[in-house]
Amino acid sequence: MVLSILIKLHRWLGLFFGLWLVLVALTGTLLLYKVELLQWTYPQLKLQQIPTQATAAEVFDRYQEGYAYLPRDANPWLEIVMPSGVRHYYNDQGEHILARPYLGDWISVMVEFHHHLLLHDLGKDLLGYLGIAGLILLITGLIRWWPRHWSRRLLSVRWVWPWQRGFAATLFQLHKVVGSLLFLPLLVGILTGTAIMYAAAVSSGLTALWPSQQQQPITADQWRTVAAAHSWQQRFERAQQLLPEHQPQLVSLSNLSMRLTFPGEWHPNGRSHVQFDAKTGAVTSVYDLRYDSRGYQLSQMIFPVHIAAVGGLSWFIVVLMGGLALVLLPLTGIYFWGWRQFKQRARR
């Protein structure tokens, strides 16, 4: 009785959410190659030299709003994002080389679809529900497939072409084998993706589980003695003075703050920060992630795991395989169901 309910739940959730899962998984998998796709679409982004921090500071001084990414080995350009969504790119000489309007190309559309289904905050909520549905599908599928007796035949696929007899069995076998062999990459991908949609709740929950933390080493009395900064070069110097082991990665041009990474940190944009007062140039806040609770630090590892920002080539391949499997599973499941319905009607 319970198994029958789980089978029906798996089937109808798959039919209702399957194509949406395919689109989200497909865009997410392609975005693993976002830098390569950008450079293929815009050859001017194939820079030989990475802009220096001094060049970045000079470019940032031209703006009073938006936020910006400092260059890295993977994406060797300066990228400034305006409140309108327009993205400006600069080379190592501080020269403007490209402007990408919001939703102005297929890569931008993919990013917004994968993050918000092109529906802003509503899309984020819907993606949360989609992630929960994906987890239920994965677990019910494993329960349905779990055999009483193991054999090598359970992990084999007898390939038959659509115009040949037995194609439905091929679809069913392919669906089961992909889901079982790649269960862990699928689970990690869906679980981390869903956790990102509920980041605040996940962070609070993990912090409650591991709440112990250390006192921040830089106190307000200490940062108030640091000289004021009125340019981005000076702000970088003050941040280096306060957090010498950190490297700035992302700056807010609107509220004069920067996010920094420490050696070994997983998050590519960092979670430590330094903030300045817009009028006086004084430091108003310094925060080092390493001294926060273990639970909160753990919550900040979810995003880099999801996008394969850590783990090198091995983890990248795991995430890639999980993404491809999440494309294949709904397609084979829906195709199998549709093919069986077609055959049943044909026999009538």
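The structure under discussion appears in the preceding block.
Not measured: the values here are computed from a predicted model. (Residues numbered from 1 in each chain as written. Predicted model: local features only at pLDDT ≥ 70, side-chain atom pairs only at ≥ 80, totals over all residues. Heavy atoms only, no water.)

Draft legend 1. Expanded view of helix α2 (residues 34–41). Within the sequence span of α2, burial applies to Leu37, Leu38 and Gln39. Summarising the contacts, the buried residues of α2 are in contact with α1 (2–30), β3 (87–90), β4 (96–100) and α4 (106–116). (Buried < 20%, exposed > 50% of the residue type's maximum accessible area, 1.4 Å probe, protein only. Helix = DSSP H or I, 4+ residues; strand = E, 2+ residues; numbered from the N terminus. Contact = heavy atoms within 4.5 Å.)

Draft legend 2. Expanded view of the packing of α2 against α4. Interaxial distance between α2 and α4 falls to 10 Å at its minimum, and their mutual angle equals 155 degrees. Compared by their axis directions, α2 and α4 come out roughly antiparallel. Here Lys34, Leu37, Leu38, Trp40 and Thr41 of α2 lie close against α4, whose contacting residues are Trp106, Ile107, Met110 and Val111. When the residues that make up the contact of α2 with α4 are grouped by side-chain class, the tally is 7 nonpolar, 1 polar and 1 charged. (Axes fitted to C-alpha atoms, helices over the stretch in contact; angles between N-to-C directions. Parallel < 35°, antiparallel > 145°, perpendicular 65-115°, else oblique. Nonpolar A, V, L, I, M, F, W, Y, C, P; charged D, E, K, R; others polar.)

Draft legend 3. Inspection of the side chain of Ser108 at higher detail. The residue Ser108 is located in helix α4 in this model. Taking the relative accessible area as the measure of exposure, Ser108 reaches 11% and is therefore buried. A distance of 3.0 Å separates a polar atom in the side chain of Ser108 from the backbone nitrogen of Leu103. Dropping the residues within four chain positions of it, Ser108 is found in contact with Arg100, Pro101, Tyr102 and Leu103. (Polar contact = N/O pair within 3.5 Å; in protein donor to acceptor, adjacent residues only side chain to side chain.)

Draft legend 4. Structural context of the packing of aromatic side chains. Within this structure, the stated rule accounts for 9 aromatic pairs. Between the aromatic rings of Tyr67 and Tyr69, the centroid separation amounts to 5.8 Å while the plane-to-plane angle is 75 degrees, which identifies the pairing as edge-to-face. A relative accessible area of 31% means that Tyr67 is categorised as partly exposed. Linked through ring pairs, Phe60, Trp232 and Phe236 together constitute an aromatic cluster. One Lys or Arg, Arg235, reaches over the ring of Trp232 and ends 4.7 Å from the middle of that ring. (Phe/Tyr/Trp six-rings, centres within 6.5 Å; stacked < 30°, edge-to-face > 60°. Lys NZ or Arg CZ within 6 Å of the ring centre and 35° of its normal.)

Draft legend 5. Up close: the nonpolar core. One finds Phe60, Ile80, Trp232, Leu242, Val251, Met258 and Val274 to be the most contacted residues of the largest nonpolar core, which totals 29 residues. Elements with a minimum of two residues in this core: α3 (53–60), β2 (78–81), α10 (232–242), β6 (257–261), β7 (272–276) and β8 (283–287). Apart from residues lying up to four places away in sequence, Trp232 is in contact with Ala57, Phe60, Asp61, Val251, Ser252, Leu253, Leu256, Ser257 and Met258. (Core = buried A, V, L, I, M, F, W, Y, C linked by side-chain atoms within 4.5 Å.)

Draft legend 6. Here's a closer look at the pattern of salt bridges. The final tally for this structure, using the stated rule, is 7 salt bridges. Linking Arg224 and Asp221 is a salt bridge whose minimum nitrogen-to-oxygen distance equals 3.5 Å. Side by side, Arg224 and Asp221 carry an identical accessibility label, which is exposed. The partner of Arg238 in a salt bridge is Glu237, and the shortest N-O contact between them spans 3.6 Å. On the basis of relative accessibility, which here comes to 39%, the residue Glu237 falls in the partly exposed class. (Salt bridge = Lys/Arg side-chain N within 4 Å of Asp/Glu carboxyl O.)

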